[in-house]
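# Chain and residue survey
Here's the letter readout for the chains.
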Amino acid sequence: MLTACIFAAILASPGEVELDKKIPVIFEKSAAHYRAIDAAATPLMNSGDAAKEKKPHGERLVPHGWDAKNGKPDMRSIYWWTSGHFPGSLWYLYQATGDEFFKERAIVWTESIAPNSKVSDNHDVGFIMYCSFGNARRLLRTDKYDALLLETAASLAKRFNPDLGLIRSWGDVAEKKDFLVIPDNMMNLELLEWAAKNGGDKRFDEIARSHATKTMAHHFRADGGTYHVLNYDQRPGFHGAVQEIRRGQGLSCETAWSRGQSWAIYGYTMMYRETKDPAYLAFAKKVSDFAINHPNMPEDGVPYWDFGAPGEERDSSAASVMASGLLELSTFVGGEKGAKYRAFAVKQLLSLCSDAYFAKPGENGDWLLKHGVGHKPAGGEIDVPLDYGDYYFLEALLRFRRLAGGFAL
Ligand code: GLY
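Our subject in this report is the structure included herewith.

Analysis parameters
- Residues numbered from 1 in each chain as written.
- Predicted model: local features only at pLDDT ≥ 70, side-chain atom pairs only at ≥ 80, totals over all residues.
- Heavy atoms only, no water.
- Buried < 20%, exposed > 50% of the residue type's maximum accessible area, 1.4 Å probe, protein only.
- Helix = DSSP H or I, 4+ residues; strand = E, 2+ residues; numbered from the N terminus.
- Pairing = 2+ DSSP bridges.
- Near = heavy atom within 4 Å.
- Polar contact = N/O pair within 3.5 Å; in protein donor to acceptor, adjacent residues only side chain to side chain.
- Areas by Shrake-Rupley, 256 points an atom, 1.4 Å probe, with all protein chains shown as cover.
- Nonpolar A, V, L, I, M, F, W, Y, C, P; charged D, E, K, R; others polar.
- Salt bridge = Lys/Arg side-chain N within 4 Å of Asp/Glu carboxyl O.
- Contact = heavy atoms within 4.5 Å.
- Axes fitted to C-alpha atoms, helices over the stretch in contact; angles between N-to-C directions.
- Parallel < 35°, antiparallel > 145°, perpendicular 65-115°, else oblique.
- Left-handed = near helix turned anticlockwise from the far one by under 90°.
- Expected span 1.5 Å × (residues − 1).
- Arc of directions from axis to C-beta.
- Phe/Tyr/Trp six-rings, centres within 6.5 Å; stacked < 30°, edge-to-face > 60°.
- Lys NZ or Arg CZ within 6 Å of the ring centre and 35° of its normal.

## Observations regarding the pairing of strand S1 (residues 61-67)
Most of S1 sits inside the fold, with five of its seven residues counted as buried. Of the pairings in the sheet, the one linking S1 to strand S2 (residues 72-77) comprises six bridges and is antiparallel in character. Counted as the bridge partner of Gly 65 is Asp 74 from S2. Count of turn residues in the S1/S2 antiparallel hairpin: four residues, of which Gly 71 carries a positive phi of about 60 degrees.

## Thoughts on the site of the ligand
Taken together, Trp 81, Asp 184, Gln 249, Trp 257, Arg 259 and Trp 263 make up the full set of residues adjacent to the ligand. Within the contact set of the ligand, an oxygen atom lies 2.6 Å away from a side-chain nitrogen or oxygen of Arg 259. Residue Trp 263 places a side-chain N or O atom 3.0 Å away from an oxygen atom belonging to the ligand. For the ligand, whose accessible area on its own is 200 Å², the fraction buried by protein is 93%. Partitioning the shell around the ligand into residue classes produces three nonpolar, one polar and two charged.

## Some words on the pattern of salt bridges
Oppositely charged side chains are able to pair whenever their charged atoms sit close together. In the structure shown here, the tally under the stated rule is 28 salt bridges. The salt bridge involving Arg 342 is made with Glu 16; its shortest N-O contact spans 2.7 Å. Residue Arg 342 is located in helix H11 (residues 335-353), and its partner Glu 16 is located in helix H1 (residues 14-41); the two are separated by 326 residues in the primary sequence. A single network of salt bridges, built from pairs that share partners, joins Glu 190, Glu 193, Lys 197, Arg 273, Glu 274, Glu 328, Glu 395 and Arg 399.

## What about the side chain of Asp 38?
Structurally, the position occupied by Asp 38 is in helix H1. The residues touching Asp 38, leaving out its near neighbours within four places in the chain, are Phe 86, Phe 101, Arg 105 and Trp 109.

## As for the pairing of strand S8 (residues 372-375)
In this structure, S8 lies alongside strand S9 (residues 380-384), joined through three bridges in antiparallel fashion. The residue of S9 that forms the bridge with Val 373 is Ile 382. The turn joining S8 and S9, which pair antiparallel and follow one another in sequence, is formed by four residues; a positive phi near 75 degrees is taken by Gly 379.

## Looking at the packing of helix H2 (residues 85-97) against helix H12 (residues 387-403)
Orientation of H2 relative to H12, taken along the N-to-C sense of each, is 25 degrees, at an axis distance of 9 Å. When the axes of H2 and H12 are compared, the pair comes out roughly parallel. In terms of crossing hand, the pair formed by H2 and H12 is left-handed. Where H2 approaches H12, its residues His 85, Gly 88, Ser 89, Tyr 92, Leu 93, Gln 95 and Ala 96 are matched on the opposing element by Asp 387, Tyr 388, Asp 390, Tyr 391, Tyr 392, Leu 394, Glu 395, Leu 398 and Arg 401. Across the contact of H2 with H12, the residue classes break down as eight nonpolar, four polar and four charged.

## As for helix H7 (residues 203-218)
Here H7 is 16 residues long and its end C-alpha atoms lie 22 Å apart, about the 22 Å a rise of 1.5 Å per residue gives. Within the sequence span of H7, burial applies to Phe 204, Asp 205, Ile 207, Ala 208, His 211, Ala 212, Thr 215 and Met 216. Around the axis of H7, the buried residues are gathered within 165 degrees of arc, so they sit on the same side. Those residues of H7 that are exposed and angled more than 90 degrees off the buried face are Glu 206 and Ala 217.

## Regarding the sheet that holds strand S6 (residues 229-232)
Strands sit in the order S5-S6-S7 across an open sheet of three strands; the sheet is antiparallel. Across the chains shown, the open sheet's two edge strands, defined by having one partner strand only, are strand S5 (180-181) and strand S7 (242-246). Alignment of S6 against S7, held across four bridges, turns out to be antiparallel. Note that in S7 the partner of Tyr 232 across the bridge is Val 242.

## Here we look at the packing of aromatic side chains
Counted under the stated rule, the structure contains 24 aromatic pairs. Each ring, one from Phe 179 and one from Tyr 232, has its centre 6.5 Å from the other, and the planes form 85 degrees; the classification is edge-to-face. Taken as a pair, Phe 179 in the loop between strand S4 (166-167) and S5 and Tyr 232 in strand S6 lie far apart in primary sequence, 53 residues in all. Taken as a pair, Phe 179 and Tyr 232 share a single burial class, namely buried. Here the aromatic cluster, defined as three or more aromatic residues joined through ring pairs, consists of Trp 81, Tyr 92, Phe 127, Trp 263, Tyr 266, Tyr 388, Tyr 391 and Tyr 392. Sitting over the ring of Phe 101, Arg 35 keeps its end group 4.0 Å from the ring centre. The residue whose ring lies beneath Arg 314 is Tyr 304, and the NZ or CZ to ring-centre distance is 5.0 Å.

Read these as geometric descriptors, not functional statements.
Structural data, given as C-alpha cells:
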C-alpha cells in the first residue's frame, strides 16, 4: 500500500488537500494499468516489419497508444517521436512506487530505444532519449548512459543552422527551400542543457539558448499565443525571416494549437531553470498567461485541442504537459502569481484524476488518460490515449508531491 506523504504536507488549499489524498490511489491504479500495457506489449516488441525500416534495429517496437479496432496496443517503431515516453512513464512509476518491477521493465524498454543516439534526421531525439535514459540515469544514480546521451546531443546539434540560429525540426539539413520549426522543439533543448553541463560541448548550451531566443522572437503572436509551424528563409540577405506560417497540427494559422502552447510553457520554464536568463522566465509567464486566462479555456482546465476550437474535443495531453510546466513555473515566480500557476495546475490534475479523464482498468487500452488529440487536421488520433499525455501526468503528480512536501526516491 502506498503512503501519501511521509513528511508534513505543505498544502495551500482544499484542492491541494484533495489531490494529495488522491495521489497514492492514482499511483496504485497507474501501476496496475502499466503492468497490463507491459504484459500486452512485450510479446509485440520485436514484431515490426524490418523491411519497412531504413534504420538499424528498426524492427523493434514500443507501445504508443491503443489500436481499438484490433483490440491491441498501437506499437510504433523505436524511431517514432514518442518512443521515450512509455519507458519514461515506467521510470516515473518506479519513482512513485519503489516497485522493482518497474525498474526492471523500464531498463528493458529504455535500452531497446538506444539506437536513437545516432539519429540526426529529426529534432525529437531530445524527447526520446531524455525522457527515457535521462530518467534512468537520475533514478539509478548511474553514469553508464552518459556517453549515449552525449552522443544524442551531438546528433541533435547537427541540426543547428548557425546562420539562422535555429535547430531545424523536420527535414533534411541540406534542404534549402524549407526550414521548418515547431514550438515542440523547445522540449528537446533540455538534453542539450544537460549535455553542456555533463561533459559535453559547451556549444550545446549556446545552441539551446540561440534556438530558444530566436523562437521567442518569431514563434508567438503579441498576445503570447503560438503558431505551430514556421518556415524560415535561408537565402543570404534574408536573415532568417519567416517566409511562411503553416497551421500544422493546429486549427488555423490564426489560432493557438493547445499542445504547442503547453510545450512553450514547459520549454521556457525549463530554459529558465537551466540558464537563469530572466527573459525566459518573463516569456514563460507570458505564454502561461495566454493559456490560463484564455476565454476558451474550459472550467476544468483541460483545453480544447486548439484554443480556437471551443466545443470540440479536449486534449488531455495539453493539460498534463501544461500542469507539469506550471508547477515548476510556480516555484520560480512566487507570490500571488506563482500561487495562481500552482492552483491552476492543481485544478488540471484534479480533473485528470477524475473519472472523466482517468481510465478504469481494462478500458482505454489501459493507458491512464482518455481524451487526447494527436493530429486532428490530419484526422489522426482524435479522442484517444496518448503515451506522452500519461508521461507528463505522472511527472506532474510527482512534482506536486515534492512541492507538497511528500517523499521522493
Ligand atoms: N510533437 C508532436 C506533437 O506534440 O504532437
